[in-house]
Protein chains: 2
Amino acid sequence: MKRRNTPTKQAILNLLSQSGKAMSHDAIEDKIDMDINRATIYRILNRFCEDGLVHNIVAEDGKQYFAICMDCDGKSLPDSHFHFRCTSCQTIACLKEKVDFSLPMGYKVESVNCVLTGTCADCS
Amino acid sequence: MKRRNTPTKQAILNLLSQSGKAMSHDAIEDKIDMDINRATIYRILNRFCEDGLVHNIVAEDGKQYFAICMDCDGKSLPDSHFHFRCTSCQTIACLKEKVDFSLPMGYKVESVNCVLTGTCADCS
DNA sequence: TATATTATTGCAACAATGTCGCATTAATAA
DNA sequence: TTATTAATGCGACATTGTTGCAATAATATA
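Residues numbered from 1 in each chain as written. Chains lettered and ligands numbered in written order. Predicted model: local features only at pLDDT ≥ 70, side-chain atom pairs only at ≥ 80, totals over all residues. Heavy atoms only, no water.

1. Quick notes on the confidence of the model for chain A
All names here are of chain A. Our working definition: pLDDT is defined as a per-residue confidence score from the predictor, taking values between 0 and 100. Numbering of helices and strands runs from the N terminus, with a helix taken as a DSSP run of H or I at least four residues long and a strand as a DSSP run of E at least two residues long. Pairs of residues are marked as contacts when any of their non-hydrogen atoms sit within 4.5 Å.
Confidence in the prediction of chain A, expressed as mean pLDDT, is 88, and 93% of residues score 70 or more. Looking at the elements of chain A, mean pLDDT is at its lowest for strand β5 (residues 91-98), recorded as 86, and at its highest for helix α3 (residues 38-50), recorded as 97. Contacts from residues 74-78, a stretch scored under 50 in pLDDT, to residues over four places away or in other chains number four contacts. Per the prediction output, this complex has pTM 0.88; the corresponding ipTM is 0.86.

2. Focus on the relation of the copies chain A and chain B
As a reminder, the rule being used: Least squares is the method used to superpose the copies, on C-alpha atoms of residues holding a pLDDT of at least 70 in both.
Mapping chain A onto chain B leaves a residual RMSD of 0.1 Å; the transformation is a rotation of 180° accompanied by 0.0 Å of translation along its axis. As the rotation angle and translation indicate, the two copies are arranged about a two-fold axis. Of the interface residues in chain A, 100% have counterparts in chain B that sit at the interface too, so the contact is made through matching surfaces.

3. Observations regarding the protein's contact with DNA strand C
Our working rule: Nearness here has a simple test: a residue counts as near a molecule or strand if at least one of its heavy atoms is within 4 Å of that partner. Nitrogen and oxygen atoms within 3.5 Å of one another constitute a polar contact, given that in protein one can donate a hydrogen and the other can accept it, and given that sequence-neighbouring residues count only through two side-chain atoms.
Of all residues adjacent to DNA strand C, which total 24 residues, the nearest are A:Thr8, A:Thr40, B:Arg38, B:Tyr42 and B:Gln64. Within 4 Å of the protein, atoms of DNA strand C come from sugar and phosphate in 62% of cases. Between a phosphate oxygen of DNA strand C and a side-chain N or O atom of B:Tyr42, the distance comes to 2.7 Å. B:Gln64 is positioned such that a nitrogen or oxygen atom in its backbone is 2.8 Å from a phosphate oxygen of DNA strand C. For the surface near DNA strand C, the elements supplying multiple residues, two or more each, are α1 (7-19) and α3 of chain A together with α3 (38-50) of chain B.

4. Comments concerning the packing of aromatic side chains
Any aromatic ring pair is given by two values, namely how distant the centres are and how the planes are angled relative to each other. Note the threshold: The rule is short: rings of Phe, Tyr and Trp, with Trp giving its six-membered ring, pair when the centres are within 6.5 Å, and they are stacked under 30 degrees, edge-to-face over 60, tilted in between. Each residue is assigned to one of three classes by its accessible area relative to the maximum for its type, calculated with a 1.4 Å probe on protein chains only: buried under 20%, partly exposed between the two thresholds, exposed over 50%.
Across all of its chains, the model carries four aromatic pairs over all chains by this definition. A ring pair is formed by A:Phe82 and B:Phe101, whose centres lie 5.5 Å apart and whose planes are at 55°; its orientation type is tilted. Linking A:Phe82 in strand β4 (residues 81-86) with B:Phe101 in the loop between β5 (91-98) and β6 (108-119), this pair reaches from one chain into another. Residue classification places A:Phe82 among the buried positions, given a relative accessible area of 1%. Looking at B:Phe101, the relative accessible area reads 23%, which means it is partly exposed.

5. Quick look at the packing of α1(A) against α3(A)
All names here are of chain A. Short version of the rule: Structural elements are reduced to axes, namely lines fitted to C-alpha atoms, with helices fitted over the stretch in contact, and the angle between N-to-C directions of any two is expressed from 0 to 180 degrees. Here is the rule for angles: anything less than 35 degrees is roughly parallel, anything more than 145 is roughly antiparallel, 65 through 115 is roughly perpendicular, and the remaining ranges are oblique. In a left-handed crossing the near helix is turned counterclockwise from the far helix by less than a right angle, and in a right-handed crossing that turn is clockwise. Asp, Glu, Lys and Arg are counted as charged, while Ala, Val, Leu, Ile, Met, Phe, Trp, Tyr, Cys and Pro are counted as nonpolar; the rest, among them Gly, fall into the polar class.
In contact at an axis separation of 10 Å, α1 and α3 are set at 70° when each is read in the N-to-C sense. What the angle tells us is that α1 and α3 run roughly perpendicular. Judged by the sense of rotation from one axis to the other, the crossing of α1 with α3 is right-handed. Mapping the contact onto sequence places Thr8, Lys9, Ile12, Leu13 and Leu16 in α1 and Ile41, Ile44, Leu45 and Phe48 in α3. Across the contact of α1 with α3, the residue classes break down as seven nonpolar, one polar and one charged.

6. Observations concerning the environment of B:Ser19
Residues and elements named next belong to chain B. Inspection of the secondary structure puts serine 19 in helix α1 (residues 7-19). Of the residues examined, serine 19 reaches a relative accessible area of 30% and is grouped as partly exposed. Separated by 48 residues in the primary sequence, serine 19 and alanine 67 place their C-alpha atoms 9.1 Å from one another. There is a polar contact of 3.0 Å between the side chain of serine 19 and the backbone nitrogen of lysine 21.

See below:
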């Protein structure tokens, strides 16, 4: 399955990249200057995730947020970073702070999802 | 609004307490030996959360999981612990490990949600 | 350039999770 | 025993996300 280059993909990638933050599906649909079907947006985002272009965060509101991978150099597991969701401006930012933990014997981690919720510097 | 003691509340509390882990709504509905309406289960769980009896974790699957607060001594904010979701046995356990982080200036945290996903010691 | 291949899209339908209004029931107080 | 009102069940609804299918369009091939 070779990927094809389409205007919709470009538009979503541009939006995510210029926002610099993680956006939920509805924020993307809202901000984008194009009429893209909901299902298509999800499919594009999921494909980006598969290809490692974008990563996915699930916040306390139960929604998925998507952000362009800035410094995910393939080994995204052990050095995952914290995310910060601001309830005022409704965005999620990737923090520089790495998530650090040690597990009891026998546990195997496949993915890490750490979201701090509150108000960001701009909003407080 | 004074709380009342009902069989349904007791049953849910017993189930959560004997399971010792965090359970999702559907797991509760599945395991409980009583026919309780979906909305009622949610309302009971939400009330437990309000009263500080139970805490709420949102996992990567976007679902809410509820667990009895073991050592949440009121100040649940700064010393939040990690949670571990096992994709094999479908449970979430509270780990002893505390979440440790420092924030950039101006950020204010209201809640912490850290879930590690993988396979637990029993399943691997 | 014209054509074939098939990835991508839009649409509709669907599933799952969670909430809410409202009438009824039942736990507590009087 | 009765009155008060918290709790429940039911139905409807909102939101988030996925899937099947036919139509479209991006790439490869001739």
